[in-house]
Amino acid sequence: MVHKKNNKTVLITGGTSGIGLALAKRFVREGYQVILVSSRESRLASAKKMLIRNNPHARVETICQDLSIDGAAGRVYQLVTRKNLSVDILVNNAGVGITGEAAASGILEGEKLIRLNIQTVTHLCEVYLRDMYQKGHGKILNVASVGAFMPGPYTASYYASKAYVASYSRAIRYEAAGKGVQVCTLYPGTTRTEFFKRAGSNIPFWAMSADRVAESAYKGLMRNKEMIIPGALNRMIRLVPAKIKLWGIARLKKK
């Protein structure tokens, strides 16, 4: 059963799989209207069909946009506006990783990562913070990673991009605190998603399910937690000395 929640709308980037889709399912169960953003029409159609099949009363909009190109955030904002929708919650979930030595990484791959993981996240926050300030309310959930707490040999650009997301999110949380807007950051650890396939890696056996991560994320966002770290193991990782984490990551990621 859907419990209506004042017709609020949540925009989720990377919402057709993994944590993004799991969050979409969670928001739909609470009666939110969901806007999914992805670069592939077929994936958007499948995700929308699944959400409505699971809940016939689900309200799902889709926007097909490659978020790794210049101007993507502005384009998403324009398309949402054309649909006469007002975003109450922004979830910056879309991201990409590159595995391997930095010197062996392609320039185009690196540029795509920076635009998707950093530039688009920043620009979406900027445009929706302005709207939320005008309304006097709103929530933003930025998805970082436990990788934000450490350097990541053989995934250097990905870990660094998530460190940016973590720092940026904490800063704008401070700015937004007195304006009725909440900014929270999710720090998932290893999660069973397609991220590993795209990065050219296998999914470790200890990975958490996307649904479990999404549940922690949803509850943390509703409680306005600054840092949401799902799972006791991930919370422990944060406390491990940096040099030990550096060595461990290098052993794990080196091929």
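Relevant structure appears above.
A brief report on the enclosed structure follows. (Residues numbered from 1 in each chain as written. Predicted model: local features only at pLDDT ≥ 70, side-chain atom pairs only at ≥ 80, totals over all residues. Heavy atoms only, no water.)

**Re the overall build of the protein chain**
For the protein chain, the helix and strand inventory stands at 9 helices and 7 strands. Within the protein chain, the fraction of its 255 residues that count as buried is 49%. At a minimum sequence separation of 6, the contacts of the protein chain that also span at least 24 residues come to 71%. For the protein chain, the exposed surface amounts to about 12700 Å²; the carbon and sulfur share of it is 54%. (Helix = DSSP H or I, 4+ residues; strand = E, 2+ residues; numbered from the N terminus. Buried < 20%, exposed > 50% of the residue type's maximum accessible area, 1.4 Å probe, protein only. Contact = heavy atoms within 4.5 Å. Areas by Shrake-Rupley, 256 points an atom, 1.4 Å probe, with all protein chains shown as cover.)

**Description of the packing of helix α3 (residues 72-82) against helix α4 (residues 107-135)**
Their axes nearest at 8 Å, the elements α3 and α4 cross at an angle of 40°. Overall, the two elements α3 and α4 adopt an arrangement that is oblique. Crossing of α3 over α4 shows right-handed handedness. Listed contacts from α4 to A72, A73, V76, Y77 and V80 of α3 are T120, H123, L124, V127, Y128 and D131. Its residues assigned to classes, the contact of α3 with α4 comprises 8 nonpolar, 2 polar and 1 charged. (Axes fitted to C-alpha atoms, helices over the stretch in contact; angles between N-to-C directions. Parallel < 35°, antiparallel > 145°, perpendicular 65-115°, else oblique. Left-handed = near helix turned anticlockwise from the far one by under 90°. Nonpolar A, V, L, I, M, F, W, Y, C, P; charged D, E, K, R; others polar.)

**A short note on the nonpolar core**
L11, V80 and Y128 are the most contacted members of the largest nonpolar core, which has 33 residues in total. Looking at this core, the elements that each hand over two or more residues are β2 (33-38), α3, α4, α5 (156-176) and β6 (181-186). Examining the composition of this core, we find that 8 residues originate from one element, α4, more than from any other. When near neighbours in sequence (up to four residues on either side) are disregarded, V80 contacts L11, I35, I63, L85, V87 and Y128. With 32 residues, the next largest nonpolar core counts I12, F27, A47 and V91 among its residues. (Core = buried A, V, L, I, M, F, W, Y, C linked by side-chain atoms within 4.5 Å.)

**A look at the environment of A73**
Along the chain, A73 falls in helix α3. Separated by 46 residues in sequence, A73 and Q119 have C-alpha atoms that sit 8.6 Å apart. With near-sequence residues (within four places) excluded, A73 lies in contact with T120, H123 and L124.

**Some thoughts on the layout of surface pockets**
When its volume is computed, the second largest pocket comes out at roughly 150 Å³. Forming the walls of the second largest pocket are R212, S216, K219, G220, R223, K225, I228, I229, P230, G231 and R235. At 4 residues, the largest contribution of residues to the lining of the second largest pocket is made by helix α7 (residues 210-222). (1 Å grid on protein atoms, 1.4 Å probe; cavity = no way out; pocket = protein on both sides within 12 Å on 5 of 7 lines; lining within 4 Å. Points joined across faces, edges and corners; volume = space filled by probe spheres on them.)

**Describing the pattern of salt bridges**
The full count for this structure, using the stated rule, is 8 salt bridges. Across the pair E30 and R26 runs a salt bridge, and its minimum N-O distance is 2.6 Å. As far as burial versus exposure is concerned, E30 and R26 are alike and both buried. Among the ionic pairs, E215 bridges to K219, the shortest N-O distance being 3.5 Å. Of the two residues, E215 and K219 both sit in helix α7, 4 residues apart, roughly one turn of that helix. A residue is classified by how much of its surface remains accessible, and E215, at 23% relative accessible area, is partly exposed. Salt bridges linked by common partners bring R26, R29, E30, E215 and K219 together as one network. (Salt bridge = Lys/Arg side-chain N within 4 Å of Asp/Glu carboxyl O.)

**So, the packing of α4 against α5**
Angle between the axes and distance between the axes: these two values describe a pair of packed helices. Contact pair α4 / α5: the axes reach a minimum separation of 9 Å and the direction vectors enclose 10°. Taken as axis vectors, α4 and α5 run roughly parallel relative to one another. For the pair α4 and α5, contact is made by L113, N117, I118, T122, C125, E126, L129 and Y133 and by S157, Y158, S161, Y164, V165, Y168, I172, E175 and A176, respectively. Across the contact of α4 with α5, the residue classes tally to 11 nonpolar, 4 polar and 2 charged.

**Re unusual backbone geometry**
Notably, N84 is not glycine yet its phi reads approximately 60°, a positive angle. Structurally, the position occupied by N84 is in the loop between α3 and β4 (89-92). One non-glycine residue, N224, lies in positive phi territory at about 60°. One can find N224 in the loop between α7 and β7 (227-228).

**Notes on the pairing of β2**
Judged by how many residues are buried, β2 sits mostly within the fold: 6 of 6 residues are covered. Neither face of β2 is left uncovered, since the one carrying Q33, I35 and V37 and the one carrying V34, L36 and S38 both have all their residues buried. Pairing between strand β1 (residues 9-13) and β2: 5 bridges, direction parallel. In the sheet register, L11 faces β2, and the bridge partner there is I35. Since β1 and β2 lie parallel, the crossover through helix α1 (residues 18-29) that links them has a hand, and here it is right-handed. Two elements, β2 and strand β3 (residues 59-64), share 6 bridges in a ladder whose sense is parallel. (Pairing = 2+ DSSP bridges. Right-handed = clockwise from strand over helix to strand, strands pointing away.)

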